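Examination of the molecular architecture
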Amino acid sequence: MTKSKGKESKGFLLAEQAQFVYAALTAVLILFTWTNLQNPQGLLWERVTIVSGTLALWIVYRIWQSRIIMLCRVLYLLMMLGHWYPDTYELNKQFGSFDNVFAQYEQSLFGFQPAYEFSKAFSSGFFSELMYAGYMSYYLFFVFTILIVFFRDYQQLRRVTFIIITSFFLCYVIYLFLPVTGPQYYFYAIGEDSVVAGNFPDIGKFFSDTQESLQAPGWKDGFFYRLNQIPHQAGERPTAAFPSSHVAVSTLVMLMAARMRMWKWLMILAIPFVLLCLSTVYIQAHYAVDAIAGMGFGMVLFIALGGLKLKKCGG
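1. Some points on the overall build of the chain
- Regarding its fold elements, the chain presents 14 helices and 0 strands.
- Taken from the N to the C terminus, the helices and strands of the chain come in the order α-α-α-α-α-α-α-α-α-α-α-α-α-α.
- Over its C-alpha trace the chain gives a radius of gyration of 20 Å, about what one expects of a compact globule, namely 20 Å for 315 residues.
- Each of the three principal axes of the chain carries a C-alpha extent, and together these read 65 × 50 × 35 Å.
- Relative to its 315 residues, the chain shows a buried fraction of 55%.
- For the chain, the exposed surface amounts to about 14300 Å²; the carbon and sulfur share of it is 66%.

Right under this line is the structure:
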């Protein structure tokens, strides 16, 4: 499987175009807030570098129109999400935090903080590992979906990639202008006594120069607990809590799998999906309202980005 069968467009993928638009949007934001940023030149250079990588792969594909090169283009976009996600912190930390608003709404809605009480109520090592395994299954939802479509229904690869990649960028746009750090960071800033008392002060730009957070709850010696700490330490920042992109993209993938009648894949994802939605609150990455909003946003993205137009491939 090297050469594509038939003629394919040699233009940019819609997903690549979405990346260009996001890079341009954030570049404009950098220029407008130049004096408030710690390293604006570096942020702009990072965008040039990422876009240059996309252009380089596009040129290679024009020379050698291969499915393998196409897969490289798609995987490159997925890999760069690992940069764009923490990058939102570099841009939104200058605006402060809205955590006090979300935590207060959470308190009004539930009468307590689910992210604080959940792990205390279910503290067994088994349940902890179950939650962290569910959280790590997040990568199944978009990486393996892309690979399954690539090998089983290549003609839909462009559309599926566009829907997944663009959904991430739309989440990131929200994070840029609605900074919410999440319980693990906000609870660290205000202290446990304030959380228990239901007192949620405005912390302003507390995290503009620190990234300290609470230690993740659960069984510290667990395999999945430790495994989760690797990407957490590498890319997690006090940013991107509302809505939960984990839940939003996972919901989107579940809907796409159902639309394409990928029943086996849907059944495989069913339990991890439930665990993922719960685990985002359990590990204190998100407020419960973040997860609920993520599920709703995933449904909106599915409709808005053309998920209903996906062909049914079965299986």
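2. Description of the packing of aromatic side chains
- Here the structure, examined in full by the defined rule, presents 31 aromatic pairs.
- Consider the rings of Phe 118 and Phe 127, whose centres lie 5.9 Å apart with planes at 65°: the pair is edge-to-face. With respect to class, Phe 118 is no different from Phe 127; both count as buried.
- An aromatic cluster of at least three residues, connected via ring pairs, comprises Tyr 22, Trp 84, Tyr 85, Tyr 138, Tyr 139, Phe 142, Phe 168, Phe 169, Tyr 172 and Tyr 175.
- Lying across the ring of Tyr 154, Arg 67 places its NZ or CZ 4.1 Å from the centre.
- Between Arg 73 and the ring centre of Tyr 61, over which it is positioned, the NZ or CZ distance is 4.8 Å.

3. Re the environment of Asp 202
- Structurally, the position occupied by Asp 202 is in the loop between helix H10 (192-197) and helix H11 (223-235).
- The class for Asp 202 is exposed, based on a relative accessible area of 55%.
- Separated by 145 residues in sequence, Asp 202 and Leu 57 place their C-alpha atoms 45 Å apart.
- Each residue touching Asp 202, except ones within four places of it in the same chain, is listed here: Ser 97 and Asn 100.
- Side-chain polar atoms of Asp 202 contact the backbone nitrogen of Gly 204, separated by 2.8 Å.

4. Some words on the pattern of salt bridges
- In total, this model carries 4 salt bridges according to the counting rule given.
- With a closest N to O distance of 2.6 Å, Arg 73 and Glu 16 form a salt bridge. Separated by 57 residues along the polypeptide, Arg 73 in helix H3 (residues 67-92) and Glu 16 in helix H1 (residues 14-32) bring together distant segments of the chain. There is no split in this pair, since Arg 73 and Glu 16 are both buried.
- We note a salt bridge from Arg 47 to Asp 87, for which the minimum N-O separation is 2.4 Å. One end of the pair, Arg 47, is in helix H2 (residues 40-63); the other, Asp 87, is in helix H3, and 40 residues separate them in sequence. In terms of burial, Arg 47 and Asp 87 fall into one category: buried.

5. A short note on the packing of helix H7 (residues 138-152) against helix H12 (residues 245-259)
- Their axes nearest at 9 Å, the elements H7 and H12 cross at an angle of 45°. In this view, H7 runs oblique relative to H12, as classed from their interaxial angle. H7 and H12 meet at a crossing whose hand is left-handed. Residue-level contacts link Tyr 138, Phe 141, Phe 142 and Thr 145 of H7 to Ser 245, His 246, Val 249, Ser 250, Val 253 and Met 254 of H12.

6. Some remarks on the confidence of the model for the chain
- The predicted model of the chain has a mean per-residue pLDDT of 94, with 97% of residues at 70 or higher.
- For the stretch residues 1-6, pLDDT sits under 50, and the model shows 16 contacts to residues farther than four places along the chain or on other chains.

7. As for helix H13 (residues 263-282)
- The first and last C-alpha atoms of H13 sit 29 Å apart over 20 residues, in line with the 28 Å expected at 1.5 Å per residue.
- In H13, a bend of some 35° at Ala 270 exceeds every other bend along the element, and Pro 272, a proline, comes one to four places later.
- Listed as buried for H13 are Trp 265, Leu 266, Leu 269, Pro 272, Phe 273, Leu 275, Leu 276, Cys 277, Ser 279, Thr 280, Val 281 and Tyr 282.
- Its buried side turned inward, H13 meets helix H5 (114-121), helix H6 (125-136), H7, H12 and helix H14 (288-304).
- Directly after H13, the chain includes Gln 284, whose backbone phi takes a positive value near 70°.

How each quantity is defined
- Residues numbered from 1 in each chain as written.
- Predicted model: local features only at pLDDT ≥ 70, side-chain atom pairs only at ≥ 80, totals over all residues.
- Heavy atoms only, no water.
- Helix = DSSP H or I, 4+ residues; strand = E, 2+ residues; numbered from the N terminus.
- Rg over C-alpha atoms; globule rule 2.2 N^0.38 Å.
- Buried < 20%, exposed > 50% of the residue type's maximum accessible area, 1.4 Å probe, protein only.
- Areas by Shrake-Rupley, 256 points an atom, 1.4 Å probe, with all protein chains shown as cover.
- Phe/Tyr/Trp six-rings, centres within 6.5 Å; stacked < 30°, edge-to-face > 60°.
- Lys NZ or Arg CZ within 6 Å of the ring centre and 35° of its normal.
- Contact = heavy atoms within 4.5 Å.
- Polar contact = N/O pair within 3.5 Å; in protein donor to acceptor, adjacent residues only side chain to side chain.
- Salt bridge = Lys/Arg side-chain N within 4 Å of Asp/Glu carboxyl O.
- Axes fitted to C-alpha atoms, helices over the stretch in contact; angles between N-to-C directions.
- Parallel < 35°, antiparallel > 145°, perpendicular 65-115°, else oblique.
- Left-handed = near helix turned anticlockwise from the far one by under 90°.
- pLDDT = per-residue confidence, 0-100.
- Expected span 1.5 Å × (residues − 1).
- Bend = angle between axes of the 7 residues up to and from the residue.

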